[in-house]
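The primary structure of each chain is shown beneath.
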Amino acid sequence: MGPVVTTIEELVERARAGVHRPGPQEAYREAAAGALLVDIRPVAQRAREGAIPGALVVERNVLEWRLDPAGSHRIPEATGHDLRVIVVCSEGYASSLAAASLRELGLRLATDLDGGFVAWAAAGLPTTAG
């Protein structure tokens, strides 16, 4: 049997299957109520696009290590598997894959921001210059 071949579109579709992805206004309300908003964009992208005040910056390459509540490299915010995490990337594609990976670690409430930072900024929600 050869390797399983898929497309990135199929991978993103599977990552989003059955998952509610909050839009900017809903994510803003959830963050205000205690959800952890996690920005996974690289520093150059945050410098170019701007940032979300109060969002925790955890670049994509270390996300699982920092948010695994059972991991030895976790951050203090990784308090348990019931933590509500909303992952943010630029447009909401890489964040869907990242949130799916977090769910595989047992963070069952992990999701991502529909439309990413671009949608957040377009909604007129708070941002800071890059």
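Residues numbered from 1 in each chain as written. Predicted model: local features only at pLDDT ≥ 70, side-chain atom pairs only at ≥ 80, totals over all residues. Heavy atoms only, no water.

## Concerning the nonpolar core
- Counting 18 residues, the largest nonpolar core has Val38, Ile40, Leu63, Leu67, Val85, Val87 and Leu102 as its most contacted members.
- Of all the elements in the fold, those that place two or more residues in this core are β1 (36-39), α4 (63-67), β3 (85-88) and α5 (94-104).
- If you tally residues by element for this core, the top one is α5, at three residues.
- Ignoring sequence-local partners within four residues, the contact set of Ile40 consists of Val58, Glu59, Arg60, Leu63, Val87, Val88, Cys89, Ala94, Ser95 and Ala98.
- Ala35, Phe117, Trp120 and Leu125 belong to the second largest nonpolar core, which has eleven residues in total. (Core = buried A, V, L, I, M, F, W, Y, C linked by side-chain atoms within 4.5 Å. Buried < 20%, exposed > 50% of the residue type's maximum accessible area, 1.4 Å probe, protein only. Helix = DSSP H or I, 4+ residues; strand = E, 2+ residues; numbered from the N terminus. Contact = heavy atoms within 4.5 Å.)

## Side note on the side chain of Arg41
- Along the polypeptide, Arg41 turns up in the loop between β1 and α3 (43-49).
- A polar contact of 2.8 Å, which involves the side chain of Arg41, links it to the side chain of Glu49. (Polar contact = N/O pair within 3.5 Å; in protein donor to acceptor, adjacent residues only side chain to side chain.)

## Regarding the sheet that holds β1
- Ordered by their spatial adjacency, four strands build an open sheet running β2-β1-β3-β4, and the pairing between neighbours is parallel. Of all strands in the sheet, those bounded by a partner on one side alone are β2 (56-57) and β4 (111-112).
- Where β3 and β4 come together, two bridges link them in parallel fashion. Bridge pairing in β4 places Ile86 opposite Thr111.
- Sheet strands touched by α5: β3 and β4. Its angle to β3, the strand with the most contacts, is close to 150°. (Pairing = 2+ DSSP bridges. Axes fitted to C-alpha atoms, helices over the stretch in contact; angles between N-to-C directions.)

## What about the packing of helix α1 (residues 8-16) against α5?
- Between α1 and α5, whose axes approach to 9 Å, the crossing angle comes to 50°. By the angle between their axes, α1 is oblique relative to α5. Our pair here, α1 against α5, has a crossing hand that is left-handed. Contacts between α1 and α5 involve Ile8, Leu11, Val12, Ala15 and Arg16 from the first element and Ser96, Leu97, Ala100 and Arg103 from the second.
- Looking at the contact of α1 with α5 residue by residue, the class counts come to six nonpolar, one polar and two charged. (Parallel < 35°, antiparallel > 145°, perpendicular 65-115°, else oblique. Left-handed = near helix turned anticlockwise from the far one by under 90°. Nonpolar A, V, L, I, M, F, W, Y, C, P; charged D, E, K, R; others polar.)

## Things to note about the side chain of Asp112
- Positionally, Asp112 belongs in strand β4.
- A distance of 2.9 Å separates the side chain of Asp112 from the side chain of Ser96, its partner in a polar contact.
- Excluding its chain neighbours within four sequence positions, the residues that come into contact with Asp112 are Arg21, Pro22, Ile86, Val87, Gly92, Ser95, Ser96 and Ala99.

## Some details on helix α2 (residues 24-32)
- For α2, the set of buried residues is Pro24, Ala27 and Glu30. All buried residues of α2 project into a common sector of 125° when viewed along the axis, lining one side. Of the residues in α2, the exposed ones pointing more than 90 degrees away from the buried face are Arg29 and Ala32.
- Buried residues along α2 sit against β3 and α6 (116-122).
- One or two steps after α2, the chain reaches Gly34, where phi turns positive at roughly 120°. (Arc of directions from axis to C-beta.)

Just distances and angles here, no functional claims.
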